[in-house]
Structures are given as structure tokens and as C-alpha cells.
Amino acid sequence: MQETCCPEQYVTSQFWQTYQHQVHWTNVGNNTWGSAVFVRSGSVRAIAVPEFEGAVVGVEVEAFGWLPIQQRKLRIFSIHAPAPYKPSVNRILDWIATLPDDADLVVGGDFNLTVGVRHPKESRNDNDLWLLERLRKEFGLMSCWQAANPNRDLPQTLRWSQDKTVPYHCDGIFVPTAWYRYLDKCEIFASPAWEDLSDHNPVVATFSGGLGLATSANTPSGN
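The paragraphs below set out a description of the structure included in this document. (Residues numbered from 1 in each chain as written. Predicted model: local features only at pLDDT ≥ 70, side-chain atom pairs only at ≥ 80, totals over all residues. Heavy atoms only, no water.)

1. Brief notes about unusual backbone geometry
A83 connects to P84 through a cis peptide bond whose omega is -5°. Its identity is not glycine, yet A63 carries a phi of approximately 55°, on the positive side. Turning to its location among the elements, A63 is positioned in the loop between β4 (56–62) and β5 (73–80). Its identity is not glycine, yet N112 carries a phi of approximately 55°, on the positive side. Mapped onto the elements, N112 comes out in the loop between β6 (103–110) and α3 (129–139). (Helix = DSSP H or I, 4+ residues; strand = E, 2+ residues; numbered from the N terminus.)

Okay, here's the thing in C-alpha cells:
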């Protein structure tokens, strides 16, 4: 989750006492909002991300319990890319690339860049193919939405306040290409109830074996 206040504000005290070791949240500077990661099983160990505290939150997950990766570590990064977007995302990826290659990597969030390949007939023609290429070639990551929905136009993940019909597609989840065999579906949800909570539509990827990944920005009272 990105642009969110401390998760403790949104859950019951009983839930927080039970699951707080499965949550990592950091605010951006002096703001009340930041980014977070929550895992349903296992526990998280925070990974400090220099220069981007709160805009990027990283964790290493212990005792995750998903069978296909039981023999490897798992690192997850929740990203809310600050301006200027392309240089910031490149610097974030530069830093992630310095970590040991001893874990499966999941990167998700609001990149403030187009995180998919557009077709020529789409109403928008913005493409940030350099980002997709870098994630694939350097980190071995694929877009869950595009892998699960080939040859489809990119759906809207951000409803821009000045024109809520523009199909911005800046939110995404990237996982190891080796996980493709387990990817069952990836959906983007939109509903009037959710629109009251955020101007971003959540992206949800479902994998066989009981794994689900989701990302959404500007979640309750982030701004």
C-alpha cells in the first residue's frame, strides 16, 4: 500500500496485536502518510531504503509458507515513486540491484509511469518500455496483469481528478518470471465503494497454492 497512514489507525486493537509483526509501515519525511507491506503469514524484517524512506518500503519475509518458494528468501518492495519519476525509479532499482541475489523479489506499487505495453489503437500512447525491459532483463520480473491478460488494452488504475475517464495505468505488481506457471489471474477492481476510499484502483494477483498479492495507492486518508 502507498500513500497510507499508519495501518494501526484502520484496524481493531486485537487485529493489530495479533498481526503487527506482519506489517511494516514508514512515513515520508514529516508527513502522516507513507508506504506499507502486510503479509498474511510469516513475519517481516524491515529493509531500510536510503534516500526513499516512506516512499519505498522493503521487507524480507520469514516463514512465508508458500510451497513453491520454501527454499528461498522472499523480498517485497512497496513503491510510491516520487518526482521526477523516471530518475527516481531508476535510482530505486539501482539500489535494489545492490542486494544479494539470494531471494525471490516482488516489486509493486504506484510507479507514476506506465507499467504495461500499450497497443497502437489505445486512446493513450504513453509507453515506458525501458522500465518493463529493465525489470525483465535485470531482475527477471514480469508484470502480473500483462502476463495474465495478454493482448488486452491497459485498464485504468488511476482516476485523475481533472478527468476521471483517462485510463492511466501506473500501478502494478511485478514477480519473478518463474512464477508464471502459478499465476491464475490478475484483476483490477473498480467500484463506487472503493472510489470513496482512493483515486487508485487496486491491482490483485492470484496464484495457485493460496498466494495473493495486491497493491493500491492513496489508501484510506493518505492525503
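After that view, the rundown keeps rolling.
2. Describing the nonpolar core
Across soluble globular proteins, you tend to see nonpolar side chains buried next to one another. Residues V175, W179, F207 and L213 are the most contacted members of the largest nonpolar core, which totals 27 residues. Sorting the residues of this core by element identifies β4, β5, α4 (144–148), β10 (171–176), β11 (183–188), β12 (203–207) and β13 (211–215) as the ones contributing at least two each. The residues touching V175, leaving out its near neighbours within four places in the chain, are L105, V106, G140, L141, M142, C144, F207 and L213. Grouped together as the second largest cluster of nonpolar side chains are 23 residues, L105, F111, V115 and L131 included. (Core = buried A, V, L, I, M, F, W, Y, C linked by side-chain atoms within 4.5 Å. Buried < 20%, exposed > 50% of the residue type's maximum accessible area, 1.4 Å probe, protein only. Contact = heavy atoms within 4.5 Å.)

3. Side note on the packing of aromatic side chains
All told, the structure shown has 10 aromatic pairs when counted by the stated rule. Their ring planes at 40° and their centres at 4.5 Å tell us that F15 and Y19 sit as a pair that is tilted. Residue F15 and its partner Y19 are both found in helix α1 (residues 13–19); the two are separated by 4 residues, about one turn of the helix. For F15, a relative accessible area of 31% puts it in the partly exposed group. (Phe/Tyr/Trp six-rings, centres within 6.5 Å; stacked < 30°, edge-to-face > 60°.)

4. Thoughts on the sheet that holds β13
Read from one edge to the other, the open sheet built from 3 strands follows the order β11-β12-β13, with strand pairing classed as antiparallel. A single partner strand is all that each edge strand has here, and the edge strands are β11 and β13. In this sheet, adjacent strand axes meet at a mean angle of 10° when their direction is disregarded. Sheet topology places β11 next to β12; 5 bridges connect them, and they run antiparallel. If you follow L183 over to β12, its bridge partner there is F207. (Pairing = 2+ DSSP bridges. Axes fitted to C-alpha atoms, helices over the stretch in contact; angles between N-to-C directions.)

5. Observations regarding the side chain of D128
Mapped onto the elements of the fold, D128 is located in the loop between β6 and α3. For D128, which is buried and forms no salt bridge, the nearest opposite charge comes from K86, at a distance of 6.6 Å. In this structure the side chain of D128 is engaged in a polar contact, spanning 2.8 Å, whose partner is the backbone nitrogen of T114. Ignoring sequence-local partners within four residues, the contact set of D128 consists of L113 and T114. (Lys, Arg positive; Asp, Glu negative; His and termini not counted. Salt bridge = Lys/Arg side-chain N within 4 Å of Asp/Glu carboxyl O. Polar contact = N/O pair within 3.5 Å; in protein donor to acceptor, adjacent residues only side chain to side chain.)

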